[in-house]
Amino acid sequence: MKKLSLIALATAMCLSGGIAAASRYGLQDPQTSIARDIYSLHTLILWICVVIFVAVFGAMFYSIFKHRKSVGHKAAHFHENTTVEVIWTVIPFVILLGMAYPATKTIIEMKDTSNPDLTIKATGYQWKWGYEYIKGEGSLTGVSDGVSFYSNLSTPQEQIHDPKVQKGENYLLEVDNELVVPVGKKVRILTTAADVIHAFWVPAFGVKQDAIPGFIRDTWFKVDQPGVYRGQCAELCGKEHGFMPIVVRAVSEEEFKDWASKQKPAAVAAAPAADATQVAAVAPAADATAAAAGPVDGKKTYEGLCAACHGAGIAGAPKVGDKAAWTARLAQGDATLAKHAIEGIRAMPAKGGNPALSDAEVKAAVEHMVGLSK
Amino acid sequence: MEAVHGHDHAHDHHHPTGITRWLTTTNHKDIGSMYLWFSFTMFITGGILALGIRAELFQPGLQLWKPEFFNQLTTMHGLMMVFGAIMPAFVGFANWQIPLMIGASDMAFARMNNFSFWLLPPAALLLASSFFVPGGATGAGWTLYAPLSVQQGMGMDLAIFAVHIMGASSIMGSINIIVTILNMRAPGMTLMKMPLFVWTWLITAYLLIAVMPVLAGAVTMLLTDRHFGTNFFNAAGGGDPVLYQHVFWFFGHPEVYIMILPAFGIVSQVIPTFARKPLFGYASMVYATASIAILSFIVWAHHMFVTGMPAAGQLFFMYATMLIAVPTGVKVFNWVATMWKGSMTFETPMLFSVGFLFVFTMGGFTGLVCAVAPIDIQIQDTYYVVAHFHYVLVAGSLFALFSGTYFWLPKWTGHMYDEKLGKLHFWLSMIFFNMTFFVMHFLGLAGMPRRIPDYSQQFADFNMIASIGAFGFGLTQLIFLAVIIKCIKGGPKAPAKPWEGADTLEWTLPSPAPYHTFETPPVVK
Ligand SMILES: [Cu+2]
């Protein structure tokens with residue numbers, strides 16, 4: 001009997017999964033044609049499964065209640081029936097063909113990254129995303145070329161660590177610099193990574209693509225409506241894997257152009273002639289135009305990276321604020337300390353493990369740490 | 001000992017007692033029991049790690065663990081459950097049951113059998129102790145993907161060695177099983193008369209021999225990348241991180257079937273017994289098992305749909321994977337047909353087998369959903385996948401293991417287990433299992449990635465339900481332990497054949513099965 005209520009419950013849950021207008025039980029509301037294809041494919045297969053499930057387990061439960069010894073049922077002795085066996089091998093096969101057809105169409109569509117309007121390179125770092133609007137082919141060439149910035153989790157640490165602090169609406173799904181794209185345009189995303197494998201995933205777009213260090217992969221989307229869409233890194237990439245969200249803001253083409261033109265001067269101004277990829281690491285968060293490249297922020301680098309080890313003294317790292325741990329080191333002089341931090345020493349990884357940092361940023365972080373530890 | 005074995009066993013004069021009995025034993029029953037206790041220990045350890053995971057995920061926010069330790073928990077939970085709990089448990093069943101079911105006196109290579117078991121505890125110690133080395137255990141996930149695994153501390157090296165040792169143990173175990181089955185069957189027992197459990201193990205053993213060396217290769221390449229300057233998985237040195245995934249999953253997918261085929265075998269013994277009706281479609285069961293095994297070699301990259309394969313690759317692996325649904329479906333239909341018009345009773349083994357059938361099939365369906373590449377791209381590395389593989393590994397493999405344990409416990413101990421407690425164990429397991437894992441489908445569809453220590457707020461309620469379910473499930477397993485201990489200590493005397501519908505050879509022996517059995521092989525008509 002319990003079993004019965006259990007299936008009732010399970011089926012009810014499956015059904016609600018099927019209807020799933022509310023994305024709580026099902027896939028998120030699709031915002032691109034691919035995501036819509038995936039959505040309907042999933043609904044289709046879910047229903048096929050529900051039907052087979054009900055048929056097979058209807059038979060099983062019927063049998064469980066009718067063909068039991070306690071109701072006096074005598075066992076039959078058949079143990080083979082070629083016709084039946086052939087039928088239930090062939091029918092599933094045919095059903096599978098029915099599923100494979102729309103799936104194949106979707107795959108081919110997903111893989112077609114040709115003729116984009118805009119191309120953006122997304123680089124996974126431990127643990128943030130870097131975006132670079134690169135010179136591509138299509139209609140938006142020239143609009144945003146060269147704009148690049150990092151995108152870090154912007155949820156305050158207290159919300160994560162202190163249960164008493166109220167968590168914000170977009171807890172863990174908010175960033176300092178959003179990826180901005182135009183609606184109705186085909187955006188091609190190139191993915192790669194600097195350290196380990198990450199994955200660029202925006203559920204509402206039906207886009208998930210591994211970002212593999214040393215290789216470039218691509219995927220694409222064309223967003224229907226303006227809005228803010230949130231995703232996350234989807235491949236385990238180390239300790240902060242859960243803390244590197246992806247936030248995409250889709251805007252009209254005009255707004256996009258406007259945004260891009262504001263990004264560019266700042267980017268150019270901030271670019272230390274040599275290294276163009278560093279550009280927006282230093283671009284201040286919200287409005288880049290006003291404050292042309294702010295000063296290198298040692299505190300930020302420290303909190304975003306170095307504190308992981310130096311905050312608590314992990315793996316033998318001298319703890320910031322622990323005077324005893326620092327005296328001998330300080331004696332080496334600031335230049336040596338900075339050199340060690342940049343090149344790495346023993347268990348201390350070069351640049352704290354993020355080769356994307358500039359020397360100046362690391363130096364600033366060292367100064368910040370030293371200031372706290374004197 | 002002398003007295004027990006009587007004059008028949010004179011060659012056993014110096015049979016050691018106490019701890020040396022277990023260290024030196026070459027008896028398949030002793031070794032089988034050791035395997036089973038070992039795997040139960042690992043099951044509890046891995047379970048405690050799982051509860052550590054669920055405790056952290058009970059609420060949003062980081063309450064208990066640092067993220068890096070959380071990663072260690074998920075990684076070690078996976079490694080311990082797969083290599084320490086599920087696989088050795090099935091080998092334990094093989095040791096106990098294969099000789100009894102084919103009328104052999106012992107395993108073919110009795111000493112090697114001892115060695116394959118005793119390799120396991122050191123491997124387990126390596127794994128467990130890696131928590132205490134600098135940097136802690138590896139947190140690269142049980143799949144140990146490069147380059148993340150190349151970055152890890154020395155806990156990773158310990159895990160690599162543990163995998164090597166367990167692999168060696170599995171290979172030896174498999175050789176033993178194959179030789180035993182092929183050479184030592186009682187006269188008259190042709191291959192197509194073998195009980196299905198034996199068949200599934202024969203096929204599984206071949207899978208193991210084929211893929212364990214592949215895994216060993218993958219982790220060895222990791223090891224040399226880590227310490228000896230090779231660049232197999234490092235693009236900067238001409239390697240490719242994705243190569244690791246290809247090699248790993250070439251092992252990993254057959255591994256999935258290694259963990260489920262013997263479960264199919266157990267269920268195929270239990271259902272006919274309690275339906276009092278022969279297994280429907282014996283031959284097609286054998287062929288289905290074999291085709292699943294063969295197909296399992298050509299589907300590995302369905303774990304890698306988001307690595308950026310070309311469309312042709314995605315299509316091939318999608319079609320091949322969907323194809324597996326056919327033989328799997330045949331099995332499910334055959335089991336239901338076996339129950340159809342039977343005369344069923346529902347003792348605990350049957351409950352667990354029917355429970356298996358019901359819940360495992362749900363895992364099969366979600367497997368089909370995952371097989372469809374476009375959908376998989378959406379749900380890969382989310383909680384949907386976590387739900388899927390726990391439906392097939394917990395409700396599949398584990399429930400079958402429970403079923404088999406209750407089924408053969410009277411033969412192993414000579415006592416009947418406590419039926420009331422057994423049923424309680426079943427119902428609670430069933431309820432808490434679904435409570436824990438069903439909601440994970442929703443989490444995954446809605447976009448919660450797996451392997452994260454903290455999540456955004458819209459996932460809070462389902463995570464809380466899952467965590468409560470997990471603790472319930474964990475505690476329920478103590479009932480299982482209680483039943484086992486009670487049954488070993490005493491209980492109603494079990495007859496030679498406690499189950500009316502049972503018809504394999506082990507039931508012709510007294511209960512408990514004597515220390516030495518079938519020294520003169522029985523003749524199968
Ligand atoms: Cu990542």
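A brief report on the enclosed structure follows. Just so it is clear, the structure is predicted and the values come from calculations on it, not from any experiment.

A look at the environment of F131(B)
All names here are of chain B.
Stage number 1. Turning to its location among the elements, F131 is positioned in the loop between α6 (120–129) and α7 (148–151).
Stage number 2. Given a relative accessible area of 18%, F131 falls into the buried group.
Stage number 3. With 237 residues separating them along the chain, F131 and L368 place their C-alpha atoms 36 Å apart.

Here's the deal with the sheet that holds strand β1 (residues 118–125) of chain A
Residues and elements named next belong to chain A.
Stage number 1. Taken together, 5 strands build an open sheet; the order of strands is β3-β2-β1-β5-β8 and the sheet is mixed. Edge positions in the sheet fall to β3 (148–151) and β8 (217–221), since each of these pairs with one other strand and no more. The sheet shows a mean angle of 25 degrees between the axes of neighbouring strands, taken without regard to direction.
Stage number 2. Relative to strand β5 (residues 187–193), β1 runs parallel, the two sharing 7 bridges. Each residue of the ladder has a partner; that of A122, found in β5, is T191.

Some points on the coordination of the copper ion
Residues and elements named next belong to chain A.
Stage number 1. Taken together, H198 (ND1), C233 (SG), C237 (SG) and M244 (SD) make up the protein donors of the copper ion, found 2.1 to 2.7 Å from the metal.
Stage number 2. Seen from the copper ion, its 4 donor atoms lie at angles of 90 to 127 degrees, and the figure they make is tetrahedral.
Stage number 3. Between consecutive donors of the copper ion, the numbers of intervening residues give the motif H-x34-C-x3-C-x6-M.
Stage number 4. When its relative accessible area of 0% is taken as the criterion, C237 is described as buried.
Stage number 5. The exposure class assigned to M244 is buried, which follows from its relative accessible area of 1%.

What about helix α17 (residues 460–489) of chain B?
Quick reminder: α-helices carry 3.6 residues per turn. Residues three or four places apart thus point the same way.
Stage number 1. With 30 residues, α17(B) should reach 44 Å at 1.5 Å per residue; the first-to-last C-alpha distance of 45 Å fits that figure.
Stage number 2. G491(B), located one to two residues past α17(B), shows a positive phi value of around 115 degrees.

Let's talk about a nonpolar patch on the surface
Stage number 1. Side chains of V86(A), V90(A), F93(A), V94(A), L97(A) and L323(B) sit close together on the surface and give an oily, nonpolar patch of about 490 Å² of accessible area.
Stage number 2. When residues of the nonpolar patch are assigned to their parent elements, the largest contribution, 5 residues, is made by helix α3 (residues 82–110) of chain A.
Stage number 3. As for its placement among the helices and strands, V86(A) is situated in helix α3.

Overview of the sheet that holds strand β4 (residues 179–182) of chain A
Residues and elements named next belong to chain A.
Stage number 1. A sheet is described by the order of its strands in space; here 3 strands give the open sequence β4-β10-β9, paired in mixed fashion. A strand with exactly one partner marks an edge of an open sheet, and here the two such strands are β4 and β9 (227–232). Each neighbouring strand pair of the sheet contributes to a mean axis angle of 25 degrees, computed without reference to strand direction.
Stage number 2. Relative to strand β10 (residues 245–251), β4 is paired through 4 bridges, and the arrangement is parallel. Bridge pairing in β10 links V181 to A250.

Quick notes on the nonpolar core
Stage number 1. M60(A), F83(B), W201(B), W335(B), F356(B) and L357(B) are the most contacted members of the largest nonpolar core, which has 225 residues in total.
Stage number 2. Among the elements that take part in this core, helix α4 (residues 67–102) of chain B stands out by supplying 21 residues, more than any other.
Stage number 3. A domain-level breakdown of this core finds at least three residues from each of domain 1 (2–70 + 79–110) and domain 2 (118–264) of chain A.
Stage number 4. With near-sequence residues (within four places) excluded, F356(B) lies in contact with I260(B), A263(B), F264(B), V267(B), W335(B), T361(B), A395(B), G396(B), F399(B) and A400(B).
Stage number 5. In terms of nonpolar packing, the next biggest core, distinct from the first, is built from 40 residues, F200(A), V207(A), A211(A) and W259(A) among them.

Quick notes on the interface of chain B and chain A
Stage number 1. Opposite the 100 residues of chain B that make contact, chain A presents 91 residues.
Stage number 2. Regarding the contact of chain B and chain A, the summed buried area is about 8400 Å², with carbon and sulfur atoms giving 71% of it.
Stage number 3. At the surface where chain B touches chain A, the tally comes to 1 salt bridge.
Stage number 4. For E500(B), the salt bridge goes to K69(A), with nearest N and O atoms at 2.7 Å.
Stage number 5. Across the contact surface, chain B and chain A share 29 residue pairs in polar contact (both at pLDDT 80 or more).

Re the side chain of T32(A)
Residue and element names in this part refer to chain A.
Stage number 1. Considering the arrangement of structural elements, one finds T32 in the loop between α1 (2–19) and α2 (33–66).
Stage number 2. What makes T32 buried here is its relative accessible area of 2%.
Stage number 3. At a separation of 3.1 Å, a polar atom in the side chain of T32 contacts the main-chain amide nitrogen of A35.
Stage number 4. Once you skip the residues sitting within four places of it in the chain, T32 turns out to touch A204, F205, F221, K222, V223 and D224.

Quick look at the packing of α4(B) against helix α10 (residues 241–275) of chain B
Residues and elements named next belong to chain B.
Stage number 1. It is at 11 Å that the axes of α4 and α10 come closest, and there the two elements cross at 45 degrees. The orientation of α4 relative to α10 falls into the category oblique. Crossing of α4 over α10 shows left-handed handedness. Along its contact with α4, which presents V82, F83, I86, M87, F90, F93 and M101, the element α10 presents F251, E255, M259, P262, A263, I266 and Q269.
Stage number 2. Here the residues of the contact of α4 with α10 sort into 12 nonpolar, 1 polar and 1 charged.

Points about the packing of helix α3 (residues 28–56) of chain B against α6(B)
All names here are of chain B.
Stage number 1. Following both chains from N to C, one finds α3 and α6 inclined at 10 degrees, their axes separated by 11 Å at the closest point. With respect to α6, the axis of α3 lies roughly parallel. On the side of α3, the interface is formed by Y35, F38 and M42, while α6 contributes L120, P121 and A124.
Stage number 2. Partitioned by chemical class, the residues of the contact of α3 with α6 number 6 nonpolar, no polar and no charged.

Regarding unusual backbone geometry
Residue and element names in this part refer to chain B.
Stage number 1. With an omega dihedral of 0 degrees, the bond running from A146 to P147 counts as a cis peptide bond.
Stage number 2. Considering the arrangement of structural elements, one finds P147 in the loop between α6 and α7.
Stage number 3. Looking along the chain, the bond that leaves S511 and enters P512 is cis, with omega of -10 degrees.
Stage number 4. Locating P512 in the fold gives a position in the segment after α17.
Stage number 5. Even without being a glycine, K341 presents a positive backbone phi close to 60 degrees.

A look at the pattern of salt bridges
Stage number 1. All told, the structure shown has 17 salt bridges over all chains when counted by the stated rule.
Stage number 2. Between D218(A) and R188(A) there is a salt bridge, and its shortest N-O distance comes to 2.9 Å. Here D218(A), found in strand β8, pairs with R188(A), found in strand β5; they are 30 residues apart in sequence, far enough to count as distant.
Stage number 3. The class of D218(A) is partly exposed, set by a relative accessible area of 22%.
Stage number 4. If you follow the salt bridges from partner to partner, you end up with K69(A), R276(B) and E500(B) in one network.

What counts as what
Residues numbered from 1 in each chain as written. Chains lettered and ligands numbered in written order. Predicted model: local features only at pLDDT ≥ 70, side-chain atom pairs only at ≥ 80, totals over all residues. Heavy atoms only, no water. Helix = DSSP H or I, 4+ residues; strand = E, 2+ residues; numbered from the N terminus. Buried < 20%, exposed > 50% of the residue type's maximum accessible area, 1.4 Å probe, protein only. Pairing = 2+ DSSP bridges. Axes fitted to C-alpha atoms, helices over the stretch in contact; angles between N-to-C directions. Donors = N, O, S within 2.8 Å, 3.2 Å for Na, K, Ca; no water. Tetrahedral: all angles 85-135°; square planar, octahedral: opposite > 155°, others 65-115°. Expected span 1.5 Å × (residues − 1). Patch = residues over 30% accessible without salt bridge, like charges linked within 9 Å, V, L, I, M, F, W, Y side chains within 5 Å. Areas by Shrake-Rupley, 256 points an atom, 1.4 Å probe, with all protein chains shown as cover. Salt bridge = Lys/Arg side-chain N within 4 Å of Asp/Glu carboxyl O. Core = buried A, V, L, I, M, F, W, Y, C linked by side-chain atoms within 4.5 Å. Domains from an automatic or database assignment. Contact = heavy atoms within 4.5 Å. Buried area = accessible area lost by both parts, 1.4 Å probe. Polar contact = N/O pair within 3.5 Å; in protein donor to acceptor, adjacent residues only side chain to side chain. Parallel < 35°, antiparallel > 145°, perpendicular 65-115°, else oblique. Left-handed = near helix turned anticlockwise from the far one by under 90°. Nonpolar A, V, L, I, M, F, W, Y, C, P; charged D, E, K, R; others polar.

Coordinates in, geometry out; function isn't part of it.
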